[in-house]
2 protein chains.
Amino acid sequence: MNVFIVSIGDELLLGQTINTNASWIGTEIARIGGEVVEGLTIKDSKEAILNSLDFSLSRADVVLITGGLGPTKDDITKYTLCEYFNTELEIHQPTLDHITDFFTKRGREMLEVNTQQAALPKACNILFNENGTAPGMWFEKDGKIVVSLPGVPYEMKGIMIDEVFPRLVDRFKPEALYYRTIHTQGIGESFLAEKISDIEDALRQDEIGLAYLPSPGLVRLRLSGKRNETNRKLIANYLDQIEDRIKKHVFGFDGAFLPGVVSELLIEKGYTISTVESCTAGAIAKSLTSISGSSQYFTGSFLTYSNALKKEFADVSENILTLHGAVSREVVEAMAQGGLKKIKTDFCISTSGVAGPNGGTDEKPVGTVWIAIASKKRVFSKRFQFGTDRSRNIEMTVNAALNLLRCEILNLNT
Amino acid sequence: MNVFIVSIGDELLLGQTINTNASWIGTEIARIGGEVVEGLTIKDSKEAILNSLDFSLSRADVVLITGGLGPTKDDITKYTLCEYFNTELEIHQPTLDHITDFFTKRGREMLEVNTQQAALPKACNILFNENGTAPGMWFEKDGKIVVSLPGVPYEMKGIMIDEVFPRLVDRFKPEALYYRTIHTQGIGESFLAEKISDIEDALRQDEIGLAYLPSPGLVRLRLSGKRNETNRKLIANYLDQIEDRIKKHVFGFDGAFLPGVVSELLIEKGYTISTVESCTAGAIAKSLTSISGSSQYFTGSFLTYSNALKKEFADVSENILTLHGAVSREVVEAMAQGGLKKIKTDFCISTSGVAGPNGGTDEKPVGTVWIAIASKKRVFSKRFQFGTDRSRNIEMTVNAALNLLRCEILNLNT
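Calculation criteria
Residues numbered from 1 in each chain as written. Chains lettered and ligands numbered in written order. Predicted model: local features only at pLDDT ≥ 70, side-chain atom pairs only at ≥ 80, totals over all residues. Heavy atoms only, no water. Axes fitted to C-alpha atoms, helices over the stretch in contact; angles between N-to-C directions. Helix = DSSP H or I, 4+ residues; strand = E, 2+ residues; numbered from the N terminus. Parallel < 35°, antiparallel > 145°, perpendicular 65-115°, else oblique. Contact = heavy atoms within 4.5 Å. Nonpolar A, V, L, I, M, F, W, Y, C, P; charged D, E, K, R; others polar. Core = buried A, V, L, I, M, F, W, Y, C linked by side-chain atoms within 4.5 Å. Buried < 20%, exposed > 50% of the residue type's maximum accessible area, 1.4 Å probe, protein only. Domains from an automatic or database assignment. Pairing = 2+ DSSP bridges. Buried area = accessible area lost by both parts, 1.4 Å probe. Salt bridge = Lys/Arg side-chain N within 4 Å of Asp/Glu carboxyl O. Expected span 1.5 Å × (residues − 1).

Visitor: Could you give an account of the packing of helix α15 (residues 329-344) of chain A against helix α13 (residues 307-314) of chain B, naming the residues involved and the relevant values?
Guide: Running from N to C, α15(A) and α13(B) point in directions that differ by 105°, and their axes come no closer than 11 Å. Viewed along their axes, α15(A) and α13(B) adopt a mutual orientation that is roughly perpendicular. Residues A:Lys342, A:Ile343 and A:Lys344 of α15(A) touch α13(B), and the partners they reach there are B:Leu309, B:Glu312 and B:Phe313. Looking at the contact of α15(A) with α13(B) residue by residue, the class counts come to three nonpolar, no polar and three charged.

Visitor: Summarise the nonpolar core; cite the residues concerned and give the values.
Guide: It is characteristic of soluble globular proteins that their nonpolar side chains tend to be buried jointly. Of all hydrophobic cores here, the largest spans 75 residues; its most connected members are A:Ile273, A:Leu288, B:Ile273, B:Leu288 and B:Leu405. What B:Leu288 contacts, discounting residues up to four positions off in sequence, is B:Val262, B:Leu266, B:Ile273, B:Thr275, B:Ser294, B:Tyr297, B:Phe298 and B:Leu402. Core analysis: the next-biggest nonpolar cluster, separate from the first, contains 49 residues, A:Ala60, A:Leu69, A:Tyr84 and A:Met137 among them.

Visitor: I'd like a rundown of the domain arrangement of chain A, residues and numbers included.
Guide: When the parts come together, some accessible area is lost, and that loss is often what is quoted as the size of the interface. Partitioning chain A into structural domains gives domain 1 (2-172), domain 2 (177-253) and domain 3 (258-409). Here the C-alpha centroids of domain 1 of chain A and domain 3 of chain A sit 44 Å apart.

Visitor: An account of the pairing of strand β16 (residues 368-375) of chain A is needed here, citing residue identities and associated values.
Guide: Residue and element names in this part refer to chain A. The element β16 is largely enclosed, with a buried count of eight among its eight residues. Neither face of β16 is exposed, since Thr368, Trp370, Ala372 and Ala374 on one face and Val369, Ile371, Ile373 and Ser375 on the opposite face are all buried. Inspection of the sheet shows strand β15 (residues 347-353) paired to β16 by seven bridges, in the antiparallel sense. Following the sheet pairing, Gly353 is matched in β16 by Val369. Taken together, the seven bridges between β16 and strand β17 (residues 379-385) define a ladder with antiparallel strand orientation. Residue pairing in the sheet places Ile373 in a bridge with Phe380 of β17.

Visitor: Report on the interface of chain B and chain A, specifying residues and quantitative values.
Guide: Each partner contributes residues to the interface: chain B has 78 residues there, and chain A has 75 residues. The contact between chain B and chain A buries some 5900 Å² in all, and 56% of this surface belongs to carbon and sulfur atoms. Applying the counting rule to chain B against chain A returns six salt bridges. With a shortest N-O distance of 3.7 Å, A:Glu312 and B:Lys344 are connected by a salt bridge.

Visitor: Which residues make up helix α3 (residues 46-57) of chain A, and what values go with them?
Guide: Along its 12 residues, α3(A) runs 17 Å from first to last C-alpha, staying within 8% of the 16 Å computed at 1.5 Å per residue. If you check which residues of α3(A) are buried, you get A:Ala48, A:Ile49, A:Leu50, A:Ser52, A:Leu53, A:Phe55, A:Ser56 and A:Leu57.

Following this line, the structure appears as structure tokens:
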């Protein structure tokens, strides 16, 4: 199952938008056992689209096209596909109904250009777009497949997951690669590689692949091999070995998502949580509430950016603030204890630090962050030294705080 | 000056690395007046490289290849280029000296594979790589140019800036493209297109290009034309016309970033801001503090997820909550007034809504969000109806709230 991706959009060639659609598709096609063999980015022009179809069909079995399906005048993909597949447009009633419904529900006026989005090529299967007004289109020619999808990432992903991947799997029955992922927090890629180097040697001897996929504060390890029972057992065994080696850092497997893991743990134990945030200014609360149903465990927060609010709302004493400064163990622990008491939750996370890029001192350089966790049992805090990039520092702090909370609930912190 | 980018790398096709090189090159080529007409991503394979050369040379005057020049076995670009251009490798002494020096300075041992990096095709010009060991290669064939560069971003960028762009400008003397961007919030792509359709017709007659670039809650409009004085004036005039037509929605031009625009406005006027957030749970505070120096205007927030906290911290009365429910004009206005009084700022933004995907009712379906803004002058609120995707709803709410605040400060809300 060889796939060729055609990405349409002047904004991609001009560098105004980064092509994250192509990388998402690459990952997902690999997951279902196919392979993206090439990707071509082209302009919103008829000549470029026609030429890309000839080229891509000479290189792969399946061509996935994204972009150029919007309602505006610069979007010409649909008309060009009609020409290439020698067909014409006609109004597709289920799509028109969906578009009408889409606008009605949002209380927005429906325009003629939106009606025109329901005019679709006769010679294709229509792929329902739950999240938007431009459906996908599935064409076949000489045993090859051409699928055209909107470029808006969440619309494209929705149609891929619901409509395209199931049909491709059904058609090609690809021999899937078997792989599993282990998710870690708070351990750098090279340090991790060193820590598990003997395990890595062993799994490579067993022809199991290992890839490190880092993001700020997190590293995913992906183990892969041919899909068979031996490899399934081997990989499960290697995952156990890795987890045992670095237990505090491993927060989950496969599709695990740190806020999701923490949320499940809180719901399972029946605990409530609040935050008192300074340098992260809501980023931890935002993360804890990124999951539907978060009101089961999340109660609320004080974002105490100013020292006045740290005193007034989180009951941090003037004395501690003057003596130690806002970025200190004493203040961050007082903040967590103040939040626990006033918001009345089982746990309270607090942060205070220098997010940067300015505001550092010799003693507390940019990237210095204190995180505390208070519960009825105890208050516990830890100092971190991150880098100089503001948004990265905030992201690293959120990940560190969520994993500290996970370890605190599971009694893994010392 | 038409440019075709070939990006070599299995990791790009597998989605493990996002192709930021291509977007950087796109931006820089536009800046010097060229145009990236297409981009192709291929595997580290001889067949794919040879095929991409035929295809790309049929599509453009200049082919820029990145990747596949490392010292390891899977990097085969150099050998394939020798075959394509019918030449052979020989040691290039200045490159060998540079590599030797590179290793000596870093106190690292030089291996045979590194020496081999100085073996370069006879039939090309060598482009010096200050930041690494693999130099760039500049080939010419039938009046067309093929340049091969390393894939490591900072090495690629260094060679581009020092060697490639000056040679291209010298050779093609390109007439640069001139373009400007206008940023809007709160007006859908199709509604916007309809609102300015007469302006769009006029600018297309003047051969000015117009592109719509949407993201959740925001649409950027890019106007472009050949770089000359006439177009500079024409585009400025069209931007004025568009701004006049949809004043409330336009928050900036060119590199504008909504939280940055709001932060500059707050600093300029000397205003302070707080938030009382329910459904956004810190997302507005996070956005307001994404800029360094945000403590000049941001004081703090209450995140009142539970009704108990809405009452206790934001002074919302039990009576109002029971009568109207948490997602209502009355509650969201009371929250903003409570925050203004207790956090003592010039403005306070509040939110209450159903972020979804669950929790909606017939009267208040998923995506219903109320936003209020309180100041000494007045309290003002607005109801929004977004979609069913939780994170998108939160992002749309943040953008709507920031633009409402901007309009409130500038007296554009009615």
